There are 2 protein chains.
Amino acid sequence: MWILRVNMTDRSLKLEEVPEKYQQLGGRGLTSTIIYDEVDPQCHPLGPYNKLVFAPGLLSGTVAPSSSRLSVGGKSPLTGGIKESNVGSGYAPALAKLGLKAIIVEGHPEEAGKYWMLHLTWDGEKPHAEFLPADEYVGRDLYKVFPKLYTRFGKKVHVAGIGVAGELKYKNSGVAFDDMKQKPTRYSGRGGLGAVMGSKGLKFIVVDSTGAPAVTFANEALFKQGAKKLREALGEHALTKPKGGLNTYGTAVLVNIINEAGAFPTRNFRDGRFEGAAKISGETIFEANKKRMGKEIYNHACSPGCVIQCSGTLYDEQGEEIVSCIEYESDWALGADCGIDDLDAIGKMVYLCNAYGLDTIETGVAIGVAMDSGLLPFGDAKGAIKLIKKMGKGTPIGRILGGGAALVGEAFGNPRVPAVKGQAMPAYEPRAIKGIGVTYATSTMGADHTAGYTIAPEIAGTGGKVDPLLADASKAELSRAFQKTTAALDSTGHCLFISFAILDIPSGFEGLVEEINGMLGTNFTGDEIVSLGGEILKRERAFNEGAGFTNLDDRLPEFMKYEKLPPHNVVADVTDEIMDKVYGDL
Amino acid sequence: MWILRVNMTDRSLKLEEVPEKYQQLGGRGLTSTIIYDEVDPQCHPLGPYNKLVFAPGLLSGTVAPSSSRLSVGGKSPLTGGIKESNVGSGYAPALAKLGLKAIIVEGHPEEAGKYWMLHLTWDGEKPHAEFLPADEYVGRDLYKVFPKLYTRFGKKVHVAGIGVAGELKYKNSGVAFDDMKQKPTRYSGRGGLGAVMGSKGLKFIVVDSTGAPAVTFANEALFKQGAKKLREALGEHALTKPKGGLNTYGTAVLVNIINEAGAFPTRNFRDGRFEGAAKISGETIFEANKKRMGKEIYNHACSPGCVIQCSGTLYDEQGEEIVSCIEYESDWALGADCGIDDLDAIGKMVYLCNAYGLDTIETGVAIGVAMDSGLLPFGDAKGAIKLIKKMGKGTPIGRILGGGAALVGEAFGNPRVPAVKGQAMPAYEPRAIKGIGVTYATSTMGADHTAGYTIAPEIAGTGGKVDPLLADASKAELSRAFQKTTAALDSTGHCLFISFAILDIPSGFEGLVEEINGMLGTNFTGDEIVSLGGEILKRERAFNEGAGFTNLDDRLPEFMKYEKLPPHNVVADVTDEIMDKVYGDL
């Protein structure tokens, strides 16, 4: 197993043996550890001393179900802290097959505006990498560029790269990856890592694992036994089974649920219920597609080997694809948060975000703050589409929005910015679901639902049932437990959505533990694996402290403390002491 | 003596007796103490819980020479920390005569976009205040609005207010005050306090001290003796005497001196020498005026009672005023830092900043960063003027620039932002003058030369002579000593420029001490007064810590640590340990 070190200062490449201390790490555990070990936390995220790390999950490239997630890490231009943003794509398995535990991109090009790409192949014994000029792909729609790459490098490659958002160094720019149809729709979206890649003059890393050997195991039988248990658990659980909640309605199944809970942030977090929710719900998407396509359309996998298959496509009246995929978060951010209930317009906006390389959450919330600041009225779908096009062009207003929700608030002098550590909140109102608010406030990542998804017990009743409006110290414990488990899960390559099955079905969790021990030849207990997640959080936290963060950064925005959120008329009332317990007791 | 409390939520007014603990405080000492006592350091600067405090210096309104400075304080939208920004104007003496030690503006209007003004008069026994609608003055050039106020309220009033920059809530917006010709050219410029005033819906505070009694003293004889000594010292010193350095060439006398020292930041801090320096120097301004006006024009006072009289006017070929005043900082920021050597264009830009209510330093550096980011070429004076006009209109690019240099860097993804704690650096390169770099890095105010003007010994040889390139621990001591003395001076109402005379002429310092003791009836020694400055710094520091700042915020920008500055080819090399000694040993 190797680490590929890519130096953009002199365009040199170095294939290094994986050091002992990294051998049991993968995914987030590895990206965060490398960033902690190698990056000065006080460096400018877009300067020469930041690094960008790609690492497949520990189990990626195997038959472990839903395990094709790749972690991308670096110092975030959006938050100023450590960032791990993960993505489901064929990319992680391809890197794993090449024996690459990580790619570390470092240095800084002397010539600004010049772009390069990297082509990775298997040379019979080890991975081989080559630099190629990439200027011809610069400034263009990724939907148009990806086919050119497939024509040039063959149908079997996988692509990681940036769109114009990353070239323009937007703090709201993701790293794009290919989906199962080889379109640029899978994203390491959050935290502006596209801008880090752009600042290094790196446009694409194209990976071709043809001829590379299969991933090997310390104990293959144990691994296979574990993978089977987990696959069965996923096949059983109501949310993850075929034609279950996620496979039928996608993540947007949450629209009606969260709206009903009064926690569906509407018009820049002015309301917890959206009168147009029913028009943009997962059920409505399913019914619209059924009507437009003349048959029931179930969702598809984001990556090879996924059994949950929650990625939805939205079709238009003519049966043409508007966009794939349309997730709960995108649907909400570009919909309810902007007061928009026009599903096709939302689909169009998601398409534009994919074309330019923008994070849909940050984009929607940024537009919501702009609407809240009087730039255009809430509900103006045409205006919102125009704004996203301006983001693609790099006009001044495009740059303001490209800077993310917090930058919009600063440019317009609007204190109503729903963000923590500079990162926009996702689609759960922290005033109405207290545990997720604790996660938003305390996560090393900025406001991030995936960092500790307490929605499972607070709303879905998975892994127990907890009152979402309860604001006591138990919420610190709940968030901490989810944050630790998540950090561990994010290191395996497994999708976060296996949580439902491993929380509710004991053999599912057993399977996960066996997979890991089978891969590594270890004897970890479940608790030990969760503790390893805690170790990752400690490293991330230490990086953030080095970058200047204190417990005062672990707070929800002030306006949520004095503005009551309808319909429950609640404020952010989890105390500072409770917030500080999350990491204080880690 | 009273404090006037102005509540913008319900537009109520309250005249309060000055509490015991505030009786010996004035100026910065009072604004910073009130902010420390009353403002939650974690509040949003533009939200309902910030306050804006106006306080005349302790000696303002007396015959103490050059003592008409007013402090404006609040939590800064630009830095996120405490801010005191002071201004020379007839405003401070007028408040002092009304017996007002401070005006505290608090609360938040419910109706956005509606503006009010306050009219203060003397009712025979005490100050009287009245709210009046101010919407008719909104969105307009302050040069056009000020005359209307003088027509309406009489020639004897003084005005504090905001221009469109404050209305637009720019982080780069000052509070404007009247000069001796009743034009809006005196500014509490730094730190965005105009936006705080704008966020509270307060457009102007018009002060009329007609009929108010004179300021009284505990020991008038002692005070008068001190004022005389200080006046004599100012009249003797080469820099401050009539037709001396500052009275002849204004602060722009520094252009050639700092350029010669290789510390004149040029083209967004890419060079320490500007080939066009001679074209924009104080000497050139003097000669241009002489030629254009047919006689030697000496500078004028910014405020009543100033004996230094350093404010310069720039006239055009027809003998018409282009702008008053043209300071070293403005001349440099809108000139050299943008690669512009066209004096008349610079004068025009200063005029526009006054018209809109912008800080000239922040504006120039913001444009410099925009040039550095490729928006327009360095040296493009016409382009720069157009950009400032866009700032006045609130277009998207205007808003980016109105957010200050740091926001421009974020919007354009440019790490080359010469700022500390979000505030743009003034006209001394910290790589080439190490002591001022320590002040920039550690000041509670963000990068601010006036917070601890070590240029005096490092360049001017005032109060001793120190090697500017020396980067050892003595620079921490030097900066600390200047920061403490400055905090004390900023509380008296005296202009910082009395420093030259009190550093070099012992009787001058003696005079200052006697003035203070004569005013208060105290027996402070000089050392005790400096220590009181240290107490003010501690309060400011505590506020900033409460706002989330740590010693990691006391650092120069990273790019200065790896980019060598010509002509000395020096980097920022004062160690973190030395930076931490400044406040560590306070």
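Note that the structure is predicted; figures quoted are calculated from it, not measured. (Residues numbered from 1 in each chain as written. Chains lettered and ligands numbered in written order. Predicted model: local features only at pLDDT ≥ 70, side-chain atom pairs only at ≥ 80, totals over all residues. Heavy atoms only, no water.)

Comments concerning the packing of aromatic side chains
Centre-to-centre distance and the angle between the planes together describe a pair of aromatic rings.
Piece 1. Under the counting rule described, the total for this entry stands at 30 aromatic pairs over all chains.
Piece 2. Note on tyrosine 249 of chain A and phenylalanine 286 of chain A: the rings are 5.4 Å apart at their centroids and 80° apart in plane angle, and the pair reads as edge-to-face. With a gap of 37 residues between them, tyrosine 249 of chain A in helix H7 (residues 245-249) and phenylalanine 286 of chain A in helix H9 (residues 282-293) connect regions that are remote in the sequence.
Piece 3. With relative accessibility at 4%, the residue phenylalanine 286 of chain A sits in the buried group.
Piece 4. The structure contains a cluster of three or more aromatic residues connected by ring pairs, namely Phe264, Tyr328, Tyr428 and Tyr453 of chain A.
Piece 5. Taking the ring centre of tyrosine 583 of chain A as reference, the NZ or CZ of arginine 541 of chain A above it sits at 4.4 Å.
Piece 6. One residue, arginine 11 of chain B, lies across the ring of tryptophan 116 of chain B, its end atom 3.7 Å from the ring centre. (Phe/Tyr/Trp six-rings, centres within 6.5 Å; stacked < 30°, edge-to-face > 60°. Helix = DSSP H or I, 4+ residues; strand = E, 2+ residues; numbered from the N terminus. Buried < 20%, exposed > 50% of the residue type's maximum accessible area, 1.4 Å probe, protein only. Lys NZ or Arg CZ within 6 Å of the ring centre and 35° of its normal.)

A few points about the interface of chain A and chain B
Piece 1. Contacts between the two partners involve 30 residues from chain A, matched on the other side by 30 residues from chain B.
Piece 2. Counting the surface lost from both chain A and chain B, the interface buries some 2600 Å², and carbon and sulfur atoms represent 60% of this.
Piece 3. Where chain A meets chain B, there are 2 salt bridges.
Piece 4. The interface formed by chain A and chain B includes 6 residue pairs in polar contact (both at pLDDT 80 or more).
Piece 5. Counting only elements with at least two residues in the side of chain A that touches chain B, the list comes to helix H14 (396-402), helix H15 (405-412) and helix H21 (526-546) of chain A.
Piece 6. Among the residues making up the side of chain A that touches chain B, the classes are represented as 15 nonpolar, 8 polar and 7 charged. (Contact = heavy atoms within 4.5 Å. Buried area = accessible area lost by both parts, 1.4 Å probe. Salt bridge = Lys/Arg side-chain N within 4 Å of Asp/Glu carboxyl O. Polar contact = N/O pair within 3.5 Å; in protein donor to acceptor, adjacent residues only side chain to side chain. Nonpolar A, V, L, I, M, F, W, Y, C, P; charged D, E, K, R; others polar.)

Quick look at the pattern of salt bridges
Residues and elements named next belong to chain B.
Piece 1. Inspection of the entire model under this criterion finds 82 salt bridges over all chains.
Piece 2. Of the charged contacts, one joins arginine 152 and glutamate 136 as a salt bridge, the two residues approaching to 3.5 Å between their closest N and O atoms. With a gap of 16 residues between them, arginine 152 in helix H3 (residues 142-153) and glutamate 136 in the loop between strand S8 (127-133) and H3 connect regions that are remote in the sequence.
Piece 3. The partner of glutamate 535 in a salt bridge is lysine 538, with the nearest N and O atoms 3.5 Å apart. On the criterion of helical spacing, the pair formed by glutamate 535 and lysine 538 is a turn pair, its members being 3 residues apart in helix H21 (residues 526-546).

Comments concerning the relation of the copies chain A and chain B
Piece 1. Each copy superposes on the other: chain A lies on chain B with an RMSD of 0.0 Å after a rotation of 180° and an axial shift of 0.0 Å. Interpreted geometrically, this transformation is the action of a two-fold axis. No C-alpha of chain A lies nearer the rotation axis than that of proline 396 of chain A, which sits 2.7 Å from it.
Piece 2. A share of 100% of the interface residues of chain A reappears at the interface of chain B, consistent with the copies meeting face to face through the same patch. (Least-squares fit on C-alpha atoms with pLDDT ≥ 70 in both.)

Let's talk about the sheet that holds strand S10 (residues 175-177) of chain A
Residues and elements named next belong to chain A.
Piece 1. With mixed pairing, 6 strands are arranged side by side in an open sheet as S8-S7-S12-S9-S10-S11. Looking along the sheet, the strands with just one partner apiece sit at the ends: strand S8 (127-133) and strand S11 (186-188). Strand-to-strand twist in this sheet, taken as the mean axis angle between neighbours without regard to direction, amounts to 20°.
Piece 2. This element, helix H3 (residues 142-153), spans strand S7 (116-122), S8, strand S9 (158-161), S10, S11 and strand S12 (202-207) of the sheet and lies at about 45° to S12. (Pairing = 2+ DSSP bridges. Axes fitted to C-alpha atoms, helices over the stretch in contact; angles between N-to-C directions.)

A few points about the confidence of the model for chain A
Piece 1. Chain-level pLDDT for chain A is 97 on average; 100% of the residues reach the 70-or-more range.
Piece 2. At the level of chain-chain contacts, confidence expressed as ipTM amounts to 0.97, with global pTM at 0.98. (pLDDT = per-residue confidence, 0-100.)

Observations regarding a positive patch on the surface
All names here are of chain A.
Piece 1. There is a patch of like positive charges on the surface, built from Lys348, Lys382, Lys386, Lys389, Lys390 and Lys393.
Piece 2. With 5 residues, helix H13 (residues 381-393) is the largest single contributor of residues to the positive patch.
Piece 3. Tracing the backbone through its elements, the reader meets lysine 386 in helix H13. (Patch = residues over 30% accessible without salt bridge, like charges linked within 9 Å, V, L, I, M, F, W, Y side chains within 5 Å. Areas by Shrake-Rupley, 256 points an atom, 1.4 Å probe, with all protein chains shown as cover. Lys, Arg positive; Asp, Glu negative; His and termini not counted. Charge placed at Lys NZ, Arg CZ, Asp CG, Glu CD.)

Notes on the sheet that holds strand S1 (residues 2-7) of chain B
All names here are of chain B.
Piece 1. Read from one edge to the other, the open sheet built from 6 strands follows the order S2-S1-S6-S3-S4-S5, with strand pairing classed as mixed. The two strands at the open ends of the sheet, each matched to only one other strand, are strand S2 (12-17) and strand S5 (82-88). On average, adjacent strands in this sheet sit at an angle of 15° to one another, irrespective of strand direction.
Piece 2. Summarising the sheet, strand S4 (residues 69-75) and S5 pair through 7 bridges and their orientation is antiparallel.

Some remarks on the packing of helix H11 (residues 343-356) of chain A against H13 of chain A
All names here are of chain A.
Piece 1. Across the interface, H11 lies against H13 with an axial gap of 10 Å and an inter-helix angle of 5°. Put simply, H11 runs roughly parallel to H13. For the pair H11 and H13, contact is made by Ala345, Lys348, Met349, Leu352 and Tyr356 and by Ala381, Ala384, Ile385, Ile388, Lys389 and Gly392, respectively.
Piece 2. Residue composition of the contact of H11 with H13, by class: 8 nonpolar, 1 polar and 2 charged. (Parallel < 35°, antiparallel > 145°, perpendicular 65-115°, else oblique.)

Digging into the pairing of strand S7 (residues 116-122) of chain B
All names here are of chain B.
Piece 1. The buried fraction of S7 amounts to 7 of the 7 residues, a majority that puts the element mostly inside the structure.
Piece 2. The side-chain alternation of S7 yields two buried faces, one formed by Trp116, Leu118, Leu120 and Trp122 and the other by Met117, His119 and Thr121.
Piece 3. Where S7 folds back onto S8 in an antiparallel hairpin, the turn is made up of 4 residues, including glycine 124, whose phi is positive at roughly 110°.
Piece 4. Across 5 bridges, S7 lies against strand S12 (residues 202-207) in parallel orientation.

Things to note about the pairing of strand S9 (residues 158-161) of chain B
Residues and elements named next belong to chain B.
Piece 1. Burial of the side chains of S9 extends over both faces: His158 and Ala160 are buried on one face and Val159 and Gly161 on the other.
Piece 2. The pairing of S9 with S12 spans 4 bridges and is antiparallel. Among the inter-strand pairings, histidine 158 is bridged to a residue of S12, identified as valine 207.

Some points on the packing of helix H12 (residues 360-372) of chain A against H15 of chain A
Residue and element names in this part refer to chain A.
Piece 1. For the pair H12 and H15, the least separation of the axes is 8 Å and the interaxial angle reads 20°. Classified by the angle between their axes, H12 and H15 sit roughly parallel to one another. The two elements H12 and H15 cross, and the hand of that crossing is right-handed. The segment H12 lies against H15, with Glu362, Val365, Ala366, Val369 and Ala370 engaging Ala405, Val408 and Gly409.
Piece 2. Of the residues belonging to the contact of H12 with H15, the class tally is 6 nonpolar, 1 polar and 1 charged. (Left-handed = near helix turned anticlockwise from the far one by under 90°.)

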